[in-house]
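Listed here are the chains, written in short residue letters.
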Amino acid sequence: MKTPSQLKITSFVCAMLALPVASLPALAAYPEKPIEVVIPYGPGSNTDGMGRILINSLRKAMNADLVPINIDGAGGTIGTAKAAAAPADGYTLSFNPVATVTIQPHLRPLPYGKDSFEPVCMVVDNATSITVAPDSPYKTMDDLINAAKKGKVVAVGGAPGSIPHIVQAAVAKAYGVKFVYLPAGGGAKAAKSVLGGEAAFAADTSAMSTTHGLRTLAVLADKRLPELPDAPTMKELGKDLNISIWFGLFAPKGTPDAVLQKLSSGCQAAIKDPEFKNAMDKADFTVRFMDRVAFKTFFNKEFDANKSMLDLIGVKGK
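Not measured: the values here are computed from a predicted model.

**Student:** What am I meant to see in the pairing of strand β6 (residues 180-183) here?
**Tutor:** A regular strand places its side chains on the two faces of the sheet in alternate fashion. Taken together, the 4 bridges between strand β5 (residues 154-157) and β6 define a ladder with parallel strand orientation. When the sheet's bridge partners are listed, G157 is paired in β6 with P183. Handedness of the crossover is the feature at issue here: the chain leaves β5, passes through helix α8 (residues 163-175), returns alongside β6, and the resulting connection is right-handed.

Structure (structure tokens):
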């Protein structure tokens, strides 16, 4: 027969075993070691720039060590696949643009899909644009389209299936022309191709002009952008095209709710950091925050909607 002391110990142990994992002290102390944030594009890309801005402010907001890890290749799918396959413990995250997580899985067999992630937060939503070199002979969209009607015009952007690829395809379809598409690994490489004369224009975020010194012919947005007041919208030009590139933080599927909530709350605090705001303004990145609940709903809708968009513009997938 157990003594009263033994009964108390047994009751305490049973109570502790009955607690959900998320409430244990070890998890409450998260993070206890550095958190790796996979950026699935190379240094100098738009994704890299935004990711590092967020990481810098998130370090302060969470009082934690976050380490950016660039894993470039295959339109962002190599790094994204590695992050999705990581242990679901909150110590490997990924900072992704829309295409890597809601478009690429529709185009080819990948080791990840809609159910491979836990959305943590969305922080940026930038309009897309058509940009040319500062000394380009194309001064307007009409100039560019007329050239495409007469001969070969090269467009540059991300890998097939990226938003830049879809933007140029949507513009081509709207105007009844065809462009030759040159895949590049991110905004910096695309800008280099335009400035070097390899491509006539880039289809990418609206930040291409201020970040890389390109000239904007049009933006694919509902209204003109404050940072590009002279650039008409496609709607003004008679083509109702509105395509944006959003970016968000993701964790592998199965990451505990307590960890996701701590990360989401950290994001919400990070975007209020004056240094974050200044860096985003300087780079012309448009901040749009969603916490993990709102972002999960948004992500699921975007995943399905982008499949429909691919079908609409004739981009064939798997």
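**Student:** Can you help me understand the pairing of strand β1 (residues 35-39) in this one?
**Tutor:** Of all the 5 residues making up β1, 4 are buried; the element is thus mostly covered by neighbouring parts of the structure. In this fold, β1 hands off to helix α3 (residues 46-62), which returns the chain to strand β2 (residues 66-70); that crossover is right-handed. Summarising the sheet, β1 and strand β3 (residues 92-97) pair through 3 bridges and their orientation is parallel. When the sheet's bridge partners are listed, V38 is paired in β3 with S94.

**Student:** Explain the layout of surface pockets here, please?
**Tutor:** Empty space among the atoms can be located by rolling a probe the size of a water molecule over them. When its volume is computed, the largest pocket comes out at roughly 340 Å³. If you go around the largest pocket, you meet 20 residues; those closest to its centre are D125, N126, A127, L225 and T286. Counting only elements with at least two residues in the lining of the largest pocket, the list comes to β4 (117-132) and α12 (274-282). A class-by-class count of the residues in the lining of the largest pocket yields 8 nonpolar, 5 polar and 7 charged.

**Student:** Got a minute to help me understand empty space enclosed by the protein in this structure?
**Tutor:** Applying the stated rule across the entire model yields 1 cavity of 30 Å³ or more. Around the largest cavity, the lining is made up of 17 residues, and of these Y41, T47, P97, P164 and D204 lie nearest the centre. Put simply, the parts of the chain that give the lining of the largest cavity at least two residues each are α3, α5 (98-102), α8, β7 (201-205) and β9 (244-252). Its residues assigned to classes, the lining of the largest cavity comprises 8 nonpolar, 8 polar and 1 charged.

**Student:** Explanation requested: the environment of S136 in the structure shown.
**Tutor:** Assignment of secondary structure puts S136 in the loop between β4 and α7 (141-150). Counting along the chain gives 58 residues from S136 to V194, while the straight-line C-alpha distance between them is 9.2 Å. Looking at S136, its side chain comes within polar contact range of the main-chain nitrogen of Y138, at 3.0 Å.

**Student:** Explain the packing of aromatic side chains to me, please; I cannot follow it from the model alone.
**Tutor:** Note on aromatic pairs: each is described by the distance of the centres and the angle between the planes. With the rule as written, the count across this model stands at 10 aromatic pairs. Ring geometry for F250 and F295: centres 5.2 Å apart, planes at 55°, overall tilted. Separated by 45 residues along the polypeptide, F250 in strand β9 and F295 in helix α13 (residues 292-313) bring together distant segments of the chain. Exposure remark for F250: the relative accessible area of 0% places this residue in the buried category. With a centroid separation of 5.5 Å and an interplanar angle of 65°, the aromatic rings of F250 and F299 are classed as edge-to-face.

**Student:** I tried to follow the environment of V259 on my own but got confused; where do I start?
**Tutor:** As for its placement among the helices and strands, V259 is situated in helix α11 (residues 257-270). V259 gets classed as buried once you look at its relative accessible area, which sits at 1%. Expressed as a C-alpha distance, the spacing of V259 and A29, which sit 230 residues apart in the sequence, is 9.7 Å.

**Student:** So what exactly am I meant to see when it comes to the pattern of salt bridges here?
**Tutor:** Once the charged atoms of two side chains with opposite charge are near each other, the side chains can pair. Across all of its chains, the model carries 10 salt bridges by this definition. D48 serves as the salt-bridge partner of R52, at 2.7 Å between the closest nitrogen and oxygen. With R52 and D48 both in helix α3 and 4 residues apart, the pair spans about one turn of that helix. Assessed through its relative accessible area of 30%, R52 is described here as partly exposed. Among the residues examined, D48 registers a relative accessible area of 6% and is labelled buried.

Analysis parameters
- Residues numbered from 1 in each chain as written.
- Predicted model: local features only at pLDDT ≥ 70, side-chain atom pairs only at ≥ 80, totals over all residues.
- Heavy atoms only, no water.
- Pairing = 2+ DSSP bridges.
- Helix = DSSP H or I, 4+ residues; strand = E, 2+ residues; numbered from the N terminus.
- Right-handed = clockwise from strand over helix to strand, strands pointing away.
- Buried < 20%, exposed > 50% of the residue type's maximum accessible area, 1.4 Å probe, protein only.
- 1 Å grid on protein atoms, 1.4 Å probe; cavity = no way out; pocket = protein on both sides within 12 Å on 5 of 7 lines; lining within 4 Å.
- Points joined across faces, edges and corners; volume = space filled by probe spheres on them.
- Nonpolar A, V, L, I, M, F, W, Y, C, P; charged D, E, K, R; others polar.
- Polar contact = N/O pair within 3.5 Å; in protein donor to acceptor, adjacent residues only side chain to side chain.
- Phe/Tyr/Trp six-rings, centres within 6.5 Å; stacked < 30°, edge-to-face > 60°.
- Salt bridge = Lys/Arg side-chain N within 4 Å of Asp/Glu carboxyl O.

Remember, this is a structural readout, not a statement about activity or role.
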